[in-house]
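Report on the structure
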Amino acid sequence: VLYCMRKLFMLLLIAFSFFAQAQTDSLFVTTSDSVKLFVKRAGSGKPVLFIHGGPGSNSAYFEYSGGNVFEKDVQLIYLDQRGCGRSDNAPNKDYSLQRIVKDFEEVRQALGIKQWTLMPHSFGGILATEYAYQHPTSITSMVYLNCTIDVTASAQSGIAKTLQMLPNIKAEDKTFLTNNSINLFERWFASFGMLDKVGLRYQLFFDSKEADSLHSDVTQKFAHHWDLQQNVWNHPEYFVSFAPKTASLKMPVLIIGGTRDYTIGTDHPKLMQFPNARVQYIGGGHALYMEHQAELYKAVAPFLRKG
């Protein structure tokens, strides 16, 4: 009986130890300019910072649409950027790239993390690249999930795909989309509207319209603030090519691309010049963590465990 009690006690102790390591918590980190940033930690193991896209969305879309599968292997750190989701707006409207990068570093220090892995998605690739460029010793490795490092290239790819998807487009619409004297991003956003009219916009991002709807619902549920999205366009530093900076980043990098991710551009990984990188494509669109979770997990989990 005593042996059984001891064995049961040891099993309970092990279970409690695992639970303590894998517990989930949420907190706010206050930056040096007094902005409260929402942070959530879930899972156990090496710390991995998820950097959401948008620009100006929130981390919940990844967590609650399948990205949390990686909590089995690592401690995922979900951060809503300033002016996004559950984080506060910046009273001084400082949404510069320099300030966002500083936020990441201040969160790392506040959490007592020496080094972490970055896992950016979409527009988060730009933020991660600049952060890694400025603070390479804070980062052990990076996983780029369907990321852009050149929004201009992504916009051009999106417009080209729109023209391909709408072979019978009105002459005036085609002229508008191909008129290089008109602002590129204005034409890009207009292309979304043209696809919306015929119910095809989702095909730039997703395999199914249902996935598009569900993903949007999750994002909106936690979208308490959109201030970054409204102000990011006032900062031209986001809209240059970050490809040259990738060439100087020597940490291990896994680049995941979607064969049908037309919002980023299916050839976009070719722009990345990381010296220690591997590219892997998965059949799918922009939200592989949602529509092709098993394939994504199989591709990324071994890298996370090793990196």
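Residues numbered from 1 in each chain as written. Predicted model: local features only at pLDDT ≥ 70, side-chain atom pairs only at ≥ 80, totals over all residues. Heavy atoms only, no water.

Across the sheet, which stays open at both edges, the 8 strands sit in the order β1-β2-β4-β3-β5-β6-β7-β8 with mixed pairing between neighbours. Each edge of the sheet is formed by a strand with only one pairing partner; in this case those strands are β1 (25-30) and β8 (277-282). Averaged over all pairs of adjacent strands, the angle between their axes in this sheet comes to 20°, without regard to strand direction. In terms of strand pairing, strand β5 (residues 116-122) meets strand β6 (residues 139-147) through 4 bridges, oriented parallel. Looking at the pairing, Ser122 lines up with Cys147 of β6. (Pairing = 2+ DSSP bridges. Helix = DSSP H or I, 4+ residues; strand = E, 2+ residues; numbered from the N terminus. Axes fitted to C-alpha atoms, helices over the stretch in contact; angles between N-to-C directions.)

A few words now on the layout of surface pockets. Space inside the largest pocket adds up to approximately 850 Å³. As for the largest pocket, its lining consists of 33 residues, of which Gly54, Pro55, Ser122, Phe205 and Gln229 are closest to the centre. Taken together, the residues of the lining of the largest pocket sort by class into 15 nonpolar, 15 polar and 3 charged. Estimated volume of the second largest pocket: approximately 150 Å³. Split by residue class, the lining of the second largest pocket holds 4 nonpolar, no polar and 3 charged. (1 Å grid on protein atoms, 1.4 Å probe; cavity = no way out; pocket = protein on both sides within 12 Å on 5 of 7 lines; lining within 4 Å. Points joined across faces, edges and corners; volume = space filled by probe spheres on them. Nonpolar A, V, L, I, M, F, W, Y, C, P; charged D, E, K, R; others polar.)

A word on the packing of helix α5 (residues 151-165) against helix α7 (residues 184-197). Packed helices, taken two at a time, are described by the angle between their axes plus the distance between the axes. Axis separation between α5 and α7 bottoms out at 9 Å; the angle between their running directions is 35°. Of the two possible hands of crossing, α5 and α7 adopt the one that is left-handed. Of the residues in α7, those touching α5 at Val151, Thr152, Ser154, Ala155, Gln156, Gly158, Ile159, Thr162 and Met165 are Leu184, Phe185, Arg187, Trp188, Ser191 and Leu195. Of the residues in the contact of α5 with α7, the class split is 8 nonpolar, 6 polar and 1 charged. (Left-handed = near helix turned anticlockwise from the far one by under 90°. Contact = heavy atoms within 4.5 Å.)

Glancing now at unusual backbone geometry. Look at the link from Gly54 to Pro55: it is a cis peptide, with omega at -5°. Among the secondary structure elements, Pro55 is positioned in the loop between β3 (47-51) and α2 (60-63). Positive phi values are uncommon outside glycine, yet Ser122 reaches one of about 60°. Within the secondary structure, Ser122 is located in strand β5.

Once that is clear, we can look at the environment of Ala243. In this structure, Ala243 sits in helix α10 (residues 243-246). Take Ala243: its relative accessible area is 7%, and that puts it in the buried class. For Ala243 and Ile149, which are 94 residues apart along the polypeptide, the C-alpha to C-alpha distance reads 6.4 Å. Apart from residues lying up to four places away in sequence, Ala243 is in contact with Ile149, Leu271 and Gln273. (Buried < 20%, exposed > 50% of the residue type's maximum accessible area, 1.4 Å probe, protein only.)

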